[in-house]
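Residue-level listing of the chains:
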Amino acid sequence: MKKIFALCTFALIIFSSACIAAEKYPPAEVAVKEMVPGDSDAGNYAKYTVQAEIKLYAAPRNNRVIGTLKTGDTVRRTSSITYANPAAHAVKILKTFQAATSPKGEFRTTLNEGDFVYLLMPLARGYLGWYNGGHVWNISAKNIKNFITPKVENAWGEYQGEPTDLNLGVEVWEFLERKDGVKGWALTWKNGVALNNLNKP
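Residues numbered from 1 in each chain as written. Predicted model: local features only at pLDDT ≥ 70, side-chain atom pairs only at ≥ 80, totals over all residues. Heavy atoms only, no water.

Evaluated as defined, the whole model comprises 7 salt bridges. With a closest N to O distance of 3.7 Å, aspartate 115 and lysine 24 form a salt bridge. In this pair, aspartate 115 is assigned in the loop between strand S8 (108–111) and strand S9 (116–122) and lysine 24 in helix H1 (residues 2–24), connecting sequence segments 91 residues apart. What makes aspartate 115 buried here is its relative accessible area of 18%. (Salt bridge = Lys/Arg side-chain N within 4 Å of Asp/Glu carboxyl O. Helix = DSSP H or I, 4+ residues; strand = E, 2+ residues; numbered from the N terminus. Buried < 20%, exposed > 50% of the residue type's maximum accessible area, 1.4 Å probe, protein only.)

What follows deals with the pairing of strand S2 (residues 46–50). Side chains Ala46, Tyr48 and Val50 project from S2 onto a buried face, and the interleaved Lys47 and Thr49 project onto a face without burial. Bridge count for S2 against strand S5 (residues 74–84) is 4 bridges, and the pairing is antiparallel. Note on S5: the bridge partner recorded for lysine 47 is arginine 76. Direction of pairing for S2 relative to strand S17 (residues 198–199): antiparallel, over a ladder of 2 bridges. (Pairing = 2+ DSSP bridges.)

Looking at the protein, the pLDDT average stands at 86 and 87% of residues meet or exceed 70. Here H1 stands out as the least confident element of the protein, with mean pLDDT 41; strand S6 (residues 90–93) is the most confident, with 98. Predicted confidence for residues 1–22 stays below pLDDT 50, and this span has 0 contacts to residues more than four positions away or in other chains. (pLDDT = per-residue confidence, 0-100. Contact = heavy atoms within 4.5 Å.)

Among the 5 residues that make up strand S10 (residues 127–131), 5 are buried, leaving the element largely enclosed by the rest of the structure. Alternating residues of S10 divide into Tyr127, Gly129 and Tyr131 and Leu128 and Trp130, and every residue in both groups is buried. Between S9 and S10, which follow one another and run antiparallel, lie 4 residues, and glycine 126 among them has a positive phi close to 85°. The sheet contact formed by S10 and strand S11 (residues 134–139) spans 4 bridges and is antiparallel.

Before going further, it helps to spend a moment on the side chain of aspartate 73. Within the secondary structure, aspartate 73 is located in the loop between strand S4 (65–69) and S5. Overall, aspartate 73 belongs to the buried group, its relative accessible area being 16%. A distance of 2.8 Å separates a polar side-chain atom of aspartate 73 from the backbone nitrogen of lysine 70. Discounting chain neighbours no more than four positions away, the residues touching aspartate 73 are Tyr48, Thr49, Val50 and Arg178. (Polar contact = N/O pair within 3.5 Å; in protein donor to acceptor, adjacent residues only side chain to side chain.)

The next thing to look at is the side chain of glutamate 174. With respect to the helices and strands, the residue glutamate 174 is situated in strand S14 (residues 171–178). Exposure remark for glutamate 174: the relative accessible area of 2% places this residue in the buried category. There is a polar contact of 2.7 Å between the side chain of glutamate 174 and the side chain of threonine 188.

To continue, consider the nonpolar core. With 33 residues, the main nonpolar core has Val117, Leu128, Ile144 and Phe147 as its most contacted residues. The greatest single-element share of this core, amounting to 5 residues, is contributed by S9. Not counting chain neighbours up to four residues away, the residues in contact with isoleucine 144 comprise Val91, Leu119, Thr149, Val152, Trp156, Gly157, Glu158 and Tyr159. By size, the runner-up hydrophobic cluster in this structure holds 10 residues, among which are Ile54, Leu56, Val75 and Ala186. (Core = buried A, V, L, I, M, F, W, Y, C linked by side-chain atoms within 4.5 Å.)

Once that is clear, we can look at the packing of aromatic side chains. Going through the model one piece at a time under the given rule, you end up with 7 aromatic pairs. Between phenylalanine 175 and tryptophan 185, the aromatic rings sit 5.4 Å apart at their centres with planes inclined by 70°, giving edge-to-face as the arrangement. Taken together, the residues span a long stretch of sequence, with phenylalanine 175 in strand S14 and tryptophan 185 in strand S15 (residues 183–190) at a distance of 10 residues. The exposure classification of phenylalanine 175 matches that of tryptophan 185, with both residues buried. An aromatic cluster of at least three residues, connected via ring pairs, comprises Phe116, Tyr118 and Trp130. (Phe/Tyr/Trp six-rings, centres within 6.5 Å; stacked < 30°, edge-to-face > 60°.)

With that settled, the discussion passes to the layout of surface pockets. Roughly 360 Å³ of volume is contained in the largest pocket. Lining the largest pocket are 23 residues, and of these Glu174, Thr188, Trp189, Ala194 and Leu198 lie nearest its centre. Contributing elements (two or more residues each) for the lining of the largest pocket: strand S3 (54–57), S14, S15 and S17. Class assignment of the residues belonging to the lining of the largest pocket gives a composition of 12 nonpolar, 5 polar and 6 charged. (1 Å grid on protein atoms, 1.4 Å probe; cavity = no way out; pocket = protein on both sides within 12 Å on 5 of 7 lines; lining within 4 Å. Points joined across faces, edges and corners; volume = space filled by probe spheres on them. Nonpolar A, V, L, I, M, F, W, Y, C, P; charged D, E, K, R; others polar.)

Now the structure itself:
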């Protein structure tokens, strides 16, 4: 019986260690729902005026066109998916500090010196990051060495990821609806660049 208990305990320790190790490193791609670059709060609805013809698809990353929006149309965004690549955007933490784990900052966690935080996407105030399996909000980029500029004062981190732009090469799909019932998924950002077919009225 003691051998069985010891074996079960050992297996649990190995399993727990594997889970903890897995959380240290993000996946190559993450789908962030209900947020687009520049937003700070998840789940916001937005109204847009269409600036150029937009194809609507049956699903994100789907080739089946189910509708078209025309210049001048007014549409409402009801959902979104941003595909980000956190594993490519590692930042080494140079000094321990607190970061928000919720959009409004009411919950916080400690980011420890020597660890890595991985940038996901730009927000209205700073960046959304991935840290030990969870999100951290509104991370300041101006204090990251080698991200915007090589030298910064009072740096909390050093960018060690792949070369990128400030939008981190994200891909964004938004679900758009017109009043007459025409609706579908539209590709609105590709490789971190806004396709400029939508303006907020």
